Amino acid sequence: MPDLERILKLEDQSRRCGSGLKELRLRGDWRLTAVAARGGKSFDALSSALLRSFGARLEIDAGSDDRGLSLANSIRLGALVLRFVGNGKLVGKRPLLRFRFDRLQLWLGPWKSAEISLAQPQQRKAPFFALIASEQEQDPATGQEQRWMAARGRSGGIAVWYRMDAPRSHASAND
C-alpha cells in the first residue's frame, strides 16, 4: 500500500494537473484498506483496522441510464449488511466524484429485509471524493497485480481502497 506521504505528493500533483481518472478506471468492487484524518501524518491504524473488519466496501459501476455512475457503500456485521445506494458523476479535471445516496438497504444474508428512502442534502453539503490517484502495483505477499485508489472526502480525511474485482457492467445488489 502506498504510504501517506506518497499519497499527499500525488494529491498535490492532482490539484495542479488533475488525476486523469475516468469512469471506467473507477468501476469495480473496492475494499477500504486505510484511512487518515484531516491533517494526519500517518494512516489511523485503529480506524483502518475497524473498517476493514466491518468489510467496508465501495461498489462503483455504470449508471442504469449510461449517464453517471451507480454507487453503493456498505459495511458488514456477520450476516447483516448495511448498504447506502445512489448515483454519482465525475466533475472537473481533478476530478471530484460527486454522489448522493438515496436509499439505505438492510440485508440479512441474501435477503433484503428493509429499504428506506433517504433525504437529499443541499447541493453545497452533498458528499464527494476528490480523487487523488489510482495505480496498479504488485502485491509483495502474493505477487499479483492489484489496483488501489486514494481520495479525500468532504470531511478532509483520506481513504485508500483496493479493487477486488475487474470492472462489471452493473453493480451487484449484495455479495
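Criteria and cut-off values
Residues numbered from 1 in each chain as written. Predicted model: local features only at pLDDT ≥ 70, side-chain atom pairs only at ≥ 80, totals over all residues. Heavy atoms only, no water. Helix = DSSP H or I, 4+ residues; strand = E, 2+ residues; numbered from the N terminus. Expected span 1.5 Å × (residues − 1). Buried < 20%, exposed > 50% of the residue type's maximum accessible area, 1.4 Å probe, protein only. Arc of directions from axis to C-beta. Contact = heavy atoms within 4.5 Å. Polar contact = N/O pair within 3.5 Å; in protein donor to acceptor, adjacent residues only side chain to side chain. Phe/Tyr/Trp six-rings, centres within 6.5 Å; stacked < 30°, edge-to-face > 60°. Patch = residues over 30% accessible without salt bridge, like charges linked within 9 Å, V, L, I, M, F, W, Y side chains within 5 Å. Areas by Shrake-Rupley, 256 points an atom, 1.4 Å probe, with all protein chains shown as cover. Salt bridge = Lys/Arg side-chain N within 4 Å of Asp/Glu carboxyl O. Core = buried A, V, L, I, M, F, W, Y, C linked by side-chain atoms within 4.5 Å.

**A closer look at helix 1 (residues 4-17)**
For an α-helix the count is 3.6 residues per turn, leaving residues at separations of three or four pointing the same way.
Here is step 1 of the chain: Over its 14 residues, helix 1 runs 20 Å from end to end, which matches the ideal 20 Å to within 8%, given 1.5 Å per residue.
Here is step 2 of the chain: Listed in full, the buried residues belonging to helix 1 are Leu4, Ile7, Leu10, Glu11 and Ser14. Projected down its long axis, helix 1 carries its buried residues within an arc of 115°, all on one side. In helix 1, the exposed positions angled more than 90 degrees off the buried face are occupied by Glu5, Lys9, Arg16 and Cys17.
Here is step 3 of the chain: Taken together, the buried residues of helix 1 touch strand 1 (28-36), strand 7 (128-138), strand 8 (145-153) and strand 9 (158-163).
Here is step 4 of the chain: Positive backbone phi, at 90°, marks glycine 18, one or two positions downstream of helix 1.

**Remarks on the environment of glutamate 115**
Here is step 1 of the chain: Checked against the element boundaries, glutamate 115 lands in strand 6 (residues 111-117).
Here is step 2 of the chain: Beyond its immediate stretch of four places on either side in the chain, glutamate 115 contacts Arg103, Leu104 and Gln105.
Here is step 3 of the chain: Looking at glutamate 115, its side chain comes within polar contact range of the side chain of glutamine 105, at 2.7 Å.
Here is step 4 of the chain: A distance of 3.1 Å separates the side chain of glutamate 115 from the side chain of lysine 112, its partner in a polar contact.

**What about the packing of aromatic side chains?**
In this description, a pair of aromatic rings is defined by centroid distance and the angle of the planes.
Here is step 1 of the chain: According to the stated counting rule, one finds four aromatic pairs in the structure shown.
Here is step 2 of the chain: Aromatic pair phenylalanine 99 and phenylalanine 101: ring centres 5.1 Å apart, planes at 55°, arrangement tilted.
Here is step 3 of the chain: Following the ring pairs from residue to residue traces out a cluster consisting of Phe84, Phe99, Phe101, Phe129 and Trp161.

**Description of a nonpolar patch on the surface**
Here is step 1 of the chain: Together, Leu46, Leu50, Phe54, Leu77, Leu80 and Leu108 make up an exposed nonpolar region whose accessible area comes to about 530 Å².
Here is step 2 of the chain: The residue leucine 108 is located in strand 5 (residues 96-108) in this model.

**Describing the nonpolar core**
Here is step 1 of the chain: Of all hydrophobic cores here, the largest spans 19 residues; its most connected members are Ile60 and Trp161.
Here is step 2 of the chain: In terms of nonpolar packing, the next biggest core, distinct from the first, is built from 13 residues, Ile7, Phe43, Ile158 and Val160 among them.

On their own, these measurements won't tell you what the molecule is for.
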